[in-house]
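# A structural walkthrough
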Amino acid sequence: MSDTTSVVLAGVGGQGILLASEITAQAARISGFDVKTNEVHGMAQRGGSVIAQIRYGTKVHSPLVAKGEAKVLGGLERIAAIRYADYLSKGGLVAVNSQMMVPVTVSMGMGEYPADAEKMLRDKFENLIYIDASEEAKKLGNVKAANVVLLGALSKGLDKLSEEAWLEAVKISVKPKFIDLNIKAFKTGREI
Amino acid sequence: MAELLSGNAAIARGAYEAGAVLAAGYPGTPSTEILENAVKYKDDIYLEWAPNEKVALEVGAAAAMGGTRSIVTMKHVGLNVAADPLMTLAYIGVEGGLVICVADDPGMHSSQNEQDTRNYAKFARLPIFEPTSSQEAKDFVAMAMEVSEKHKTPVLLRSTTRVSHSRSLVELGERQEHKSKGFQKDVQRFVTVPAFSRQMRLKVEKRTAELKAEAESSPANKIEMGDKSLGIIACGITYQYVKEVWPEASVLKLGFSQPWPDDLIGKFAGDVDKLLVVEELDPLLEEHIKAMGIECHGRDAVSGIGELSVSTLRESRAKLEGRPAEKPAYENNADKLPGRPPVLCAGCPHRGVFYALTKHDVVVAGDIGCYSLGAFKPLERLDIILCMGGGVSMAHGLDKAGEKKKVVGIVGDSTFFHSGITGLLDIAYNKGKSTIIVVDNRTTAMTGHQDHPGTGRTLMGEPTVEASIEDIGRACGIKRIRTLNPYDQQATQKALDEEINADEASLVISKAPCILHDRSGVKPALEIDSELCKNCRMCLKLGCPAIEASEGEKPSISSILCTGCGLCRQICKFGAISGGENE
């Protein structure tokens, strides 16, 4: 069987999913793996629901993760992980940022935001990390680093990638003036 | 160490390594980033955003007729715009290499239709390459360039969303310089009057036969023999999915797919017990193989709608094997979750115009761009979308057909230059009465902020003339022209009232920069005073993602999303919203 590891990151356009995807892919590349990623551009990015997919291993074919195959699933918003739950493999690790972003459909009364989102997540996933990544990022001085805090938490489910590889990946993926912030954010998430 | 590149970045690198000296295109997801990445090589390659794809192809074609190597980029629907020069260019051919990179969007992630560009290869009798990874995207540009020059034909390179926007490892190479002798006058070769075109037509057939021989032995086409009980022919990205779903099967991977390498296909078919064709969108190869008299599976097991994936092909495999497909471990319970569709961004200047239009009982024709999002609730102020620039001419068509309501056409600034101008000219020339609104946000926003003739900057970063939409309107012959600030709701309402009710055509330019592109207009977030708020929910009619309201609760403004544009403050009748503009 293939030794390919699949990762899915989900959230809302503008939350920094592409950066989190870039860091993961670079960590895999630095670790010597073949890597493929897949991202969303264009219309779908405009405040819509967005996913990024990363796959690495000895030889990766498809850039798309198959349903039921992801080893880890990250949700940058409270219910983002549920939306893409069908990508997760049985017992896979799920990390979710407890932050809530109300979709326009809910504001307009066309849908309801689940009041029991946390319970839904706990009922569905046996292997869940549920953290307030935005609050942790705010404490570090920039709420936008929530994506990297969550990535730190998720990284614990990807044992073939060392902490050194992750930190090196952060360094080459963010602008120089944000390196310190993002290193701290990653370590914060990893220690939770 | 190999670099992690997107397919589009790899195509740009391929053009650089292949010695291209000119690159032209028009932005369109998923093709846009090819030229954006090629800017890295601007010391060696001249680059431009053309006003539209037809112009881009004509620019690239001429460069290649002049003996230099060039690439042209666009998305699938863009090739329709460039189809006129394409069909004749296929007759004339080229002297220097010309690779036309067209990115298809199966599944319509960011497109108005699905289209299989391989049809154009067949239609125009041109060779086509289909890379399956970033490495191949780079390598195939060089291969296509060689084939182009050797056979003096333009060559198509078909990417798809999952090639263009996926990233994988690429080994880089060096640039090969190509010397051009310059344009060599040859009337019979380059002038397509009927007498000469008839001769060219014969040459096209001869060339096609030569290209077929080339495809038979091309390294882009490869047989990987495995278990002979099933042989699969995979085109483009489907190869990658096939390798995961049928790891044991024999595979013929077609990377140089047309003209079809019939001998190779026939040989492969003869070596396996059962044949399956896996191709995305149209069953071109399946039909071809069946016409060759060879039995095969295709559409009976593999969907022709939307994009393929490992997941969809696992279902195909189950179907072929007569068993139910496996279900994933977790359900996504999508029906229990609120939808999260794309929306006009918080602070988007288009919102002001669309909101003003909600006060008018008019028919609105629009086109492709961020503003197509104005078709959705709660604004719902776009009634028809056909194609780029179509909003202008369709408004005129409705008007001339005697539509009882007043008609309004909407076009973006980039699409105005792309193909809105000709529609405007039509309105003026044929005495139309519609109101045309250019939602001018000073950039090509939907595809990620590319420059265009109105921005005053070239793709290579040089300052240039800034085309005036007002002046173009005047030159077309439009008499009523006005520019407004869509954030000023009262003035916008008044202007639209006057223009829509005028008994002649008018051009309204709603001008304010895209808030994602130009952050200088961002102001502190607004706030809603919950004491003053009567929960009338008028502010929610703007469809602004920064205004959040859970069921039963009074609306509040997200300080993270709000750009302080002040539109909601102007809408609130109770003065409950404060902050932002003018305060």
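As annotated in an unreviewed UniProt entry, chain B carries the name Indolepyruvate oxidoreductase subunit IorA and comes from Sedimentisphaera cyanobacteriorum. Taken verbatim from the UniProt record of chain B, the Function (unreviewed entry) comment is "Catalyzes the ferredoxin-dependent oxidative decarboxylation of arylpyruvates."

An unreviewed UniProt entry lists chain A under the name Indolepyruvate oxidoreductase subunit beta, from Sedimentisphaera cyanobacteriorum.

## Some thoughts on the overall build of chain B
Scanning chain B from N- to C-terminus turns up 20 helices and 23 strands. On C-alpha atoms alone, chain B measures out to a radius of gyration of 27 Å, which is about the 25 Å that the 2.2 N^0.38 rule sets for 583 residues. Principal axes of the C-alpha set define a box for chain B whose edges measure 80 × 65 × 55 Å. Within chain B, the proportion of its 583 residues that are buried is 59%. In chain B, the share of contacts with a sequence separation of at least 24, taken over all contacts with a separation of at least 6, comes to 74%. With an accessible surface of roughly 23,200 Å², chain B has 52% of that area assigned to carbon and sulfur atoms. With 67 positive and 78 negative side-chain charges, chain B shows a spacing of 3 Å between the two charge centroids.

## Some words on the interface of chain A and chain B
Contacts between chain A and chain B engage 59 residues on the former and 62 residues on the latter. Taken together, the two surfaces of chain A and chain B that pack against each other cover about 5,100 Å², and 58% of this comes from carbon and sulfur. Along the contact surface separating chain A from chain B lie five salt bridges. For R167 of chain B, the salt bridge goes to E22 of chain A, with nearest N and O atoms at 2.5 Å. Connecting chain A to chain B are 22 residue pairs in polar contact (both at pLDDT 80 or more). Broken down by secondary-structure element, the contributors of at least two residues to the side of chain A that touches chain B are α1 (17-30), β2 (34-38), β3 (49-57), α2 (80-83), β5 (88-97), α3 (104-107) and α4 (117-124) of chain A. The class makeup of the residues in the side of chain A that touches chain B is 26 nonpolar, 17 polar and 16 charged. Sheet analysis places β2 of chain A next to strand β8 (residues 166-170) of chain B, joined by three bridges and oriented antiparallel.

## Notes on the UniProt feature "binding site: [4Fe-4S] cluster 1" (unreviewed entry) in chain B
Residues and elements named next belong to chain B. With numbering matched to this structure, UniProt assigns "binding site: [4Fe-4S] cluster 1" (unreviewed entry) to C533, C536, C539 and C572. Over a stretch of 40 residues, the named residues converge on one spot in the fold, their C-alpha atoms separated by at most 10.4 Å. Tracing the backbone shows C533 in the loop between β20 (527-528) and β21 (547-548). With a relative accessible area of 10%, C533 lands in the buried category. Sequence-distant contacts of C533, defined by excluding residues within four places in its chain, comprise I528, K554, P555 and A576. By the element assignment, C536 lies in the loop between β20 and β21.

## Examining unusual backbone geometry
Negative phi characterises most residues that are not glycine, and trans characterises most peptide bonds. All names here are of chain B. In this model, T29 is joined to P30 through a cis peptide bond whose omega is 10°. With respect to the element layout, P30 can be found in the loop between β2 (22-25) and α2 (33-38). Of note, the bond from K377 into P378 is cis; its omega dihedral lies within 30 degrees of zero at 0°. Turning to its location among the elements, P378 is positioned in the loop between β14 (363-366) and β15 (384-385).

## Thoughts on the packing of aromatic side chains
Throughout the structure, instances matching the rule amount to ten aromatic pairs over all chains. With centroids separated by 5.8 Å and ring planes inclined at 65°, the aromatic side chains of F129 of chain B and F140 of chain B adopt a geometry described as edge-to-face. Of this pair, F129 of chain B sits in strand β6 (residues 128-129) while F140 of chain B sits in helix α7 (residues 134-151), and the two are eleven residues apart along the sequence. There is no split in this pair, since F129 of chain B and F140 of chain B are both buried. Look at F416 of chain B and F417 of chain B: their rings are 5.7 Å apart centre to centre, the planes differ by 75°, and that puts the pair in the edge-to-face class. Judged by its relative accessible area of 0%, F416 of chain B is buried. Judged by its relative accessible area of 8%, F417 of chain B falls in the buried class. Members of the aromatic cluster, connected to one another through ring pairs, are F129, F140 and F256 of chain B. A cation over an aromatic ring shows up here: K67 of chain A above the ring of Y87 of chain A, its NZ or CZ 5.6 Å from the ring centre. Taking NZ or CZ as reference, K253 of chain B lies 5.1 Å from the ring centre of Y239 of chain B, over its face.

## Quick look at the sheet that holds strand β7 (residues 155-160) of chain B
Residues and elements named next belong to chain B. Read across the sheet, seven strands follow the order β3-β2-β4-β5-β7-β6-β12 without closing on themselves; strand pairing throughout is mixed. The outermost strands of the open sheet, each flanked by one partner alone, are β3 (46-49) and β12 (256-258). Inspection of the sheet shows β2 paired to β3 by four bridges, in the parallel sense. Within β3, the position partnered with G25 by the bridge is W49.

## Brief notes about the domain arrangement of chain B
Partitioning chain B into structural domains gives domain 1 (2-217), domain 2 (221-320), domain 3 (350-519) and domain 4 (522-579). A straight line from the C-alpha centre of domain 2 of chain B to that of domain 3 of chain B covers 46 Å.

## Looking at the pattern of salt bridges
Residue and element names in this part refer to chain B. The final tally for this structure, using the stated rule, is 53 salt bridges over all chains. Of the charged contacts in the structure, one is a salt bridge between R13 and E17, with a shortest N-O distance of 2.8 Å. Of this pair, R13 and E17 both sit in helix α1 (residues 7-17), separated by four residues, roughly a single helical turn. Its relative accessible area of 13% is what places R13 among the buried residues. Three or more residues are tied together by salt bridges with common partners; here these are D104, D116, R118, E130, R158 and E279.

Definitions and limits used
Residues numbered from 1 in each chain as written. Chains lettered and ligands numbered in written order. Predicted model: local features only at pLDDT ≥ 70, side-chain atom pairs only at ≥ 80, totals over all residues. Heavy atoms only, no water. UniProt positions renumbered as here; feature names shortened; annotations may be inferred. Helix = DSSP H or I, 4+ residues; strand = E, 2+ residues; numbered from the N terminus. Rg over C-alpha atoms; globule rule 2.2 N^0.38 Å. Buried < 20%, exposed > 50% of the residue type's maximum accessible area, 1.4 Å probe, protein only. Contact = heavy atoms within 4.5 Å. Areas by Shrake-Rupley, 256 points an atom, 1.4 Å probe, with all protein chains shown as cover. Lys, Arg positive; Asp, Glu negative; His and termini not counted. Charge placed at Lys NZ, Arg CZ, Asp CG, Glu CD. Buried area = accessible area lost by both parts, 1.4 Å probe. Salt bridge = Lys/Arg side-chain N within 4 Å of Asp/Glu carboxyl O. Polar contact = N/O pair within 3.5 Å; in protein donor to acceptor, adjacent residues only side chain to side chain. Nonpolar A, V, L, I, M, F, W, Y, C, P; charged D, E, K, R; others polar. Pairing = 2+ DSSP bridges. Phe/Tyr/Trp six-rings, centres within 6.5 Å; stacked < 30°, edge-to-face > 60°. Lys NZ or Arg CZ within 6 Å of the ring centre and 35° of its normal. Domains from an automatic or database assignment.

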